[in-house]
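Remarks on the overall topology
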Amino acid sequence: MASENQVRPLRVPAPSFDVASTHRPLKILSLTGGGYRGLFTAQVLVELCDRARRPGRLDDSFDVFGGTSIGGLMACALAVGVPPRRVLDAIDAHGPQIFVKKRQRTLRRVFFGTLYDSDNLAKAIDECLGRAGRTKLKNIDAGVVIPAVDWAKGTVELFLSGAFGKAHASEATLRDVCLATSAAPTYFKPHVIDGAAMLDGGLAANNPDTLILLEVAKRWPERFARTQMLSIGTAGADPERAPEQADKTGLGWASELAIYMMGVQERTAAAQAQRLLGAKRYLRINHQPTQRTQAFEQLDQATDEARTLLLDAATTTARAAYRANRSFVDRVLTRRPGRVAKA
């Protein structure tokens, strides 16, 4: 019989989270919306990977992927292991098919329907995601944050992956989420998920930086002090304006109000994210055109000229960003400890 004074071994309960992970950075990739200008975003990412000599998929580098509209489509694809180069090729190949020139459409469809056919967008998503498109977001291991707008409620609906906890994870498939966040009014029809009509997330958060950071801070508060974010824009043309240009007529505002509002939101979100993380843990990469051109301003200019301008701007911007921020880019693109390269 054991003595009453015998010392029993101390039992330490298992931690409720991965202790080792709290000592390494939590890395986030945030991708802005912008229609066909997503070609710029994808090329920037490809160029950064080339410069950093980081081939292949990125789901073993980043912990969280977030994006709006075309940025949301790219984020979903990258989160399930689609390499950046394949994402770029998909946008390059399908962009002109999605944004068919208006003169090829009947006047009836232009005035009484949407400008573009959502079926062409769905085909592009299906080819990019493959079988993963049928996967429910709750079953995705990587962190995924995708905003859309609930038309009836007039609020932002955040679609979260299983990494954020089963109670908050979405039952929607990746395909449905991509269609929802890309359903820009007048361009594409709303996409219905569980009876709710969803619109493009760019109506509220074209740059989703701060939305993503909020969800990360709630889910992993112990890691927020080590959180790093790479944010990539879509080269929207929004040069500085003279004060007298603010005095516009109704028609004058009608042609650029939406673009102006999106620009304000993008810059505000980027500024807030940098204040939260600091310059050493946050990098925003975007092109600032010196003059306004349709390629950098419109969402649907899928012409040869626009393609050339966007790709050239992306290559130049990415190379300059890498030269100025090489250590940061190399760090966020490095595979996480314990991860091995996947085919």
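Structure's up top.
Presented here is a report on the structure given in the accompanying data block. (Residues numbered from 1 in each chain as written. Predicted model: local features only at pLDDT ≥ 70, side-chain atom pairs only at ≥ 80, totals over all residues. Heavy atoms only, no water.)

A look at the overall build of the protein
Note the threshold: Secondary structure elements follow DSSP: runs of H or I no shorter than four residues count as helices, runs of E no shorter than two count as strands, and numbering proceeds from the N terminus. Buried residues are those whose accessible area, probed at 1.4 Å on protein chains only, stays under 20% of the maximum for their type, while exposed residues exceed 50% and partly exposed ones sit between those limits. Should any heavy atoms of two residues lie within 4.5 Å, those residues are counted as being in contact. Areas reported as accessible are Shrake-Rupley estimates using a 1.4 Å probe. Residue values count occlusion only from the protein chains shown.
Counting its regular elements, the protein contains 13 helices and eight strands. Across the 343 residues in the protein, those meeting the buried criterion constitute 52%. The contacts in the protein between residues at least 6 apart in sequence include a share of 76% that link residues at least 24 apart. On the protein, roughly 17700 Å² of surface is accessible, and the fraction owed to carbon and sulfur atoms is 53%.

Overview of the packing of aromatic side chains
For clarity, the cut-off: Side-chain rings of Phe, Tyr and Trp, where Trp is taken by its six-membered ring, are said to pair if the distance between their centres is within 6.5 Å; with planes under 30 degrees apart they count as stacked, over 60 as edge-to-face, and otherwise as tilted.
Scanning the model with the defined rule gives six aromatic pairs in all. Taking 5.9 Å as the distance between ring centres and 65 degrees as the angle between the ring planes, the aromatic pair formed by Phe62 and Phe65 counts as edge-to-face. Under the relative-accessibility criterion, Phe62 is labelled buried at 1%. Taken together, a centroid distance of 5.2 Å and an interplanar angle of 55 degrees make the contact between Phe164 and Trp220 tilted. Of the two residues, Phe164 is situated in the loop between β4 (155-160) and α6 (174-181) and Trp220 in the loop between α8 (209-219) and β7 (227-232); the sequence distance between them amounts to 56 residues.

Describing the state of the cysteines
What counts here: Throughout, a disulfide means two cysteine sulfur atoms within 2.5 Å of one another.
For the structure on display, the rule yields zero disulfides. Not engaged in a disulfide, the cysteine Cys128 finds its nearest cysteine sulfur in Cys178; these two sulfurs lie 7.9 Å apart. Free of any disulfide, Cys178 has its nearest cysteine sulfur in Cys76, 3.9 Å distant. Overall, Cys178 belongs to the buried group, its relative accessible area being 0%.

Section: the side chain of Glu47
Note that Glu47 resides in helix α1 (residues 38-51). We classify Glu47 as buried; its relative accessible area is 7%. Discounting residues that sit within four places of it in the chain, Glu47 has contacts with Thr315, Ala318 and Arg319.

Section: the nonpolar core
Let me state the cut-off plainly: In these notes, a set of buried Ala, Val, Leu, Ile, Met, Phe, Trp, Tyr and Cys residues joined through side-chain atoms within 4.5 Å is what counts as a nonpolar core.
Within the largest apolar cluster, 79 residues are counted, with the highest numbers of intra-cluster contacts made by Leu29, Leu48, Phe159, Leu230 and Leu333. In terms of nonpolar packing, the next biggest core, distinct from the first, is built from 17 residues, Leu160, Ala163, Val216 and Phe224 among them.

Section: the pattern of salt bridges
Heads up, the condition is: For salt bridges, the criterion is a side-chain nitrogen of Lys or Arg within 4 Å of an Asp or Glu carboxyl oxygen.
By the definition in use, this model includes 15 salt bridges. When the shortest N-O distance is used, the salt bridge between Arg51 and Glu47 registers 3.0 Å. Pair noted here: Arg51 and Glu47 are both in helix α1, with a separation of four residues, about one helical turn. Measuring nitrogen to oxygen at the nearest pair gives 2.6 Å for the salt bridge that ties Asp60 to Arg54. The pair formed by Asp60 and Arg54 is uniform in burial state, with each residue classed as buried.

As for the pairing of β7
As a reminder of what qualifies: Strands qualify as paired when DSSP identifies two bridges or more between them.
Summarising burial for β7: six of the six residues are buried, a large majority. Sheet topology note: the strand β1 (residues 26-31)/β7 ladder contains six bridges and is parallel. For Lys27, the partnering residue across the bridge sits in β7 and is Gln228. Bridging between β7 and strand β8 (residues 282-285) involves four bridges; their strand directions are parallel. Paired with Leu230 across the two strands is Leu283, which belongs to β8.

Topic: unusual backbone geometry
Located in the positive-phi region is Arg53, a residue other than glycine, with phi close to 55 degrees. Along the chain, Arg53 turns up in the loop between α1 and β2 (64-67). A relative accessible area of 77% places Arg53 in the exposed class. Even without being glycine, Asp194 reaches a positive phi, approximately 50 degrees. You can see Asp194 is positioned in the loop between β5 (191-193) and β6 (196-200).

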